[in-house]
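For reference, the chains in residue letters:
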Number of protein chains: 2
Amino acid sequence: MDLTTVEGLTSALEAGNRRALARVISHIENNTELAMPLLAALYPKSGRAHIIGVTGAPGTGKSTLVNQLAGAYRRRDMTVGVIAIDPTSPFSGGALLGDRVRMRDLAGDPGVFIRSMATRGSLGGLAQATDDVIMALDAAGFDRIIIETVGVGQSEVEIASAAYTTVVVEAPGLGDEVQAIKAGILEIADIFAVNKADREGVDRTVMALKMMLNLGAPEKFQVMHHGRMLPVNLPEPEKLPRGWTPPVLKTVAISGEGAEALMEAIENHRLYLEQSGGRILRDRLRAATELRVILRDYLLEELLARTDPGELEILVEAVARREVDPYTAVRQLVHKTAD
Amino acid sequence: MDLTTVEGLTSALEAGNRRALARVISHIENNTELAMPLLAALYPKSGRAHIIGVTGAPGTGKSTLVNQLAGAYRRRDMTVGVIAIDPTSPFSGGALLGDRVRMRDLAGDPGVFIRSMATRGSLGGLAQATDDVIMALDAAGFDRIIIETVGVGQSEVEIASAAYTTVVVEAPGLGDEVQAIKAGILEIADIFAVNKADREGVDRTVMALKMMLNLGAPEKFQVMHHGRMLPVNLPEPEKLPRGWTPPVLKTVAISGEGAEALMEAIENHRLYLEQSGGRILRDRLRAATELRVILRDYLLEELLARTDPGELEILVEAVARREVDPYTAVRQLVHKTAD
């Protein structure tokens, strides 16, 4: 097996070779010369996995829950890929020794593949690499792919557009925060897991979430609709199925309690999406988003490649000195290179 | 005063008219026809404010601290603009009634302007609008501009590139999280505020932060360097001044304790940046980043404007059905419209 060619890597990856998968991911992350041909070769082989996003604030124990969830799938003989883009996750190396020990049981299992990805230092670029790595795991035949992110701000929307099923993890005692964060969280949650359910206050948290769900009808499709990135015709929000009410589950990730029920809720949601047409809709939205992001970066790189670096530097300097605003500078640049 | 024209709005804004400022911000946020000419007119008038980023996890009390910090500046007769892009902030309407009451004292003060901005549902676009709103506040003559964000993941890097001084807020009891989050936080913090310093464990948190600071030399400039967005010549990291060690301060935001000291630390950092040349460097980095983001969006919009929507839809459909990968689709699209 030749792991230095696109053909060799692709067929080895499809045959379940983990080393080939790791290499493909490295090519994607480092954007090597093989990255594009690999993505083109793998893309048609993807689209079978169910992609699950798990998000929540630091301290909710979501990494441990991801661990247990992966274990639950393994007991049903399903293979699981885990992508941790959470800087506080033990999977991504951010957390304490105790957490790392806790995830060791997964690490030895060939039916599980764990990859951590950085999120920092990039303006949108990393998000695209994440999508590509998900796609590679999908093409490699993993039945379920779990993406773990910290659920604050922008990343929660990104996970919602990458995942078919989004699990939002809360914990009792973070009561005020639950209220505070709800605005963004309600719109993306397909399932709520109230973790650390052996702690005091769990019923209050469950109640608060259920109340919120009753107050605001699930607006997920509407949000996704607003978030669409290309002028593509989509079903009107009011015509979309609204038959799914996010269940609120109690879990105790440390003991594994509730992990089976969580898995079952995810599988129910998967079936719901398939039967309601929601999966097709999400595929279209994701395709539109991906096209936009890739197109944008492609056009930028193309223009920069044919721009004189010295000229660029003069423009940056002028903007930094407030002699010209960046919008006017951009128009100048585009006009000039168009000549 | 005619608040419907660029000239009228610009001169009213400069004269301190708050209604003009609010209108300008609306034009920016809604990207109206006046937005571009307004930005072009205001840009040369900006560049005087000191921009302060305040970031930290939910539950650290950073909104209350921002409130107190604004109060400290007001007592020195400086005007303050606050931009809350934190979904958990009372400034942005995300939090509980108690928090909103607590910030009422600021709301009545004409020397303070508070604006909240959403971060959701956008891929980078909102970040640009934030920069533009900062610029408008700057041109309106505010002495200090405070941007409040949740410090997890991507947003912390964005705040570091928008702000001259970044304050990272921690709290005792979130001990494990401090450790976990440090990777990203150390690199962007100019000042640490350990809030809720009347609580148990504050000294442990302070110690932990100081230890981390000793372990890793401040790498801020290096990170910024890696993060540069256009191929612009910048001083080599090793040639940059490294004379600033982030101080670790204790604050109790609810009582206001430590707010004065925090303000003084910020002012010290401001002087340090001016004397070391760090401010000029950050202006260049920011200009390069802004140019890149605006250029990217400009090129995308331009291409989409001359693309047949029907053709676009066919491509999205093909990508969604995995018949073609998005990279190949993008190349097809660009090639076609270039004819």
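Here the residue numbering is sequential within each chain, running from 1 through the sequence in written order. The order in which chains are written sets their letters, starting at A; the order in which ligands are written sets their numbers, starting at 1. A pLDDT threshold of at least 70 governs which residues receive local features in this predicted model, and a stricter bar of 80 or more applies before side-chain atom pairs are shown or counted, although totals over entire chains, interfaces and linings include all residues.

### Looking at the overall build of chain A
Helix and strand definitions here come from DSSP, where helices need a minimum of 4 consecutive H or I residues and strands a minimum of 2 consecutive E residues; each element is numbered from the N-terminal end. Along the backbone of chain A there are 15 helices and seven strands. For chain A, with 339 residues in total, the buried portion stands at 51%. Any residue pair is listed as a contact if its two C-beta atoms, each placed from the backbone, are within 7 Å. In chain A, of all internal contacts separated by at least 6 residues, the share reaching a separation of at least 24 is 75%. To sort residues by exposure, count the other C-beta atoms lying within 10 Å of each residue's C-beta; 20 or more gives buried, 12 or fewer gives exposed, and values between give partly exposed, all with C-beta atoms placed from the backbone.

### Some remarks on unusual backbone geometry
Residue and element names in this part refer to chain A. We note that aspartate 77 has phi near 65°; this positive angle belongs to a residue other than glycine. Along the chain, aspartate 77 falls in the loop between helix 4 (62–75) and strand 2 (80–84). What makes aspartate 77 exposed here is the crowd of 8 C-beta atoms within 10 Å.

### A word on helix 14 (residues 309–320) of chain B
Residue and element names in this part refer to chain B. Between the first and last residue of a helix there are one fewer steps than residues, each counted as 1.5 Å, and that sum is the expected span. Along its twelve residues, helix 14 runs 16 Å from first to last C-alpha, staying within 8% of the 16 Å computed at 1.5 Å per residue. Where helix 14 is concerned, the buried positions are Leu315, Val316, Val319 and Ala320. Projected down its long axis, helix 14 shows its buried positions confined to an angular sector of 135°, all on one face. Exposed residues pointing more than 90 degrees away from the buried face of helix 14 are listed as Gly310 and Ile314. Positive phi shows up at arginine 322, right after helix 14, with a value of about 65°. By construction, the arc corresponds to the directions joining the helix axis to the C-beta atoms.

### Let's talk about the pairing of strand 3 (residues 112–116) of chain B
In the case of a regular strand, side chains alternate between the two sheet surfaces. All names here are of chain B. Counting buried positions over the five residues of strand 3 gives four, a clear majority of the element. Think of it this way: DSSP has to see at least two bridges between two strands before they count as a pair. Sheet topology places strand 2 (residues 80–84) next to strand 3; five bridges connect them, and they run parallel. Opposite valine 82, over in strand 3, you have isoleucine 114 as the bridge partner.

### Focus on the domain arrangement of chain A
Accessible area lost when the parts come together is the quantity often used to give the size of an interface. Once the domains are mapped, chain A shows domain 1 (1–40), domain 2 (46–279) and domain 3 (306–338). Taking only C-alpha atoms into account, the centre of domain 1 of chain A sits 39 Å from that of domain 3 of chain A. Throughout the structure description, domain borders are defined by an automatic or database domain assignment.

### Details of helix 2 (residues 18–30) of chain B
Residues and elements named next belong to chain B. Its 13 residues place the ends of helix 2 18 Å apart at the C-alpha level, agreeing with the 18 Å of an ideal helix rising 1.5 Å per residue. Listed in full, the buried residues belonging to helix 2 are Ala20, Leu21, Arg23, Val24, Ile25, His27 and Ile28. Positioned one or two residues after helix 2, asparagine 31 has a phi angle of 50°, which is positive.

### A word on the environment of Thr60(B)
Residues and elements named next belong to chain B. Here threonine 60 is to be found in the loop between strand 1 (50–56) and helix 4 (62–75). Residue class for threonine 60 comes out buried when judged on the 27 C-beta atoms lying within 10 Å of it. As for threonine 60 and isoleucine 25, which are separated by 35 residues in sequence, their C-alpha atoms are 29 Å apart.

### Brief notes about the nonpolar core
Membership of the largest hydrophobic core comes to 169 residues, with the highest contact counts inside it found for Ala136(A) and Ala136(B). Setting aside residues no more than four positions away along its own chain, Ala136(A) makes contact with Leu21(A), Val24(A), Ile25(A), Ile28(A) and Leu42(A). By our criterion, buried Ala, Val, Leu, Ile, Met, Phe, Trp, Tyr and Cys residues that link up through C-beta atoms within 7 Å make up a nonpolar core.

### What about the environment of Ile314(B)?
All names here are of chain B. Along the chain, isoleucine 314 falls in helix 14. A count of 12 C-beta atoms within 10 Å places isoleucine 314 in the exposed class. Each C-alpha atom of the pair isoleucine 314 and isoleucine 188 lies 44 Å from the other, and the pair is 126 residues apart in sequence.

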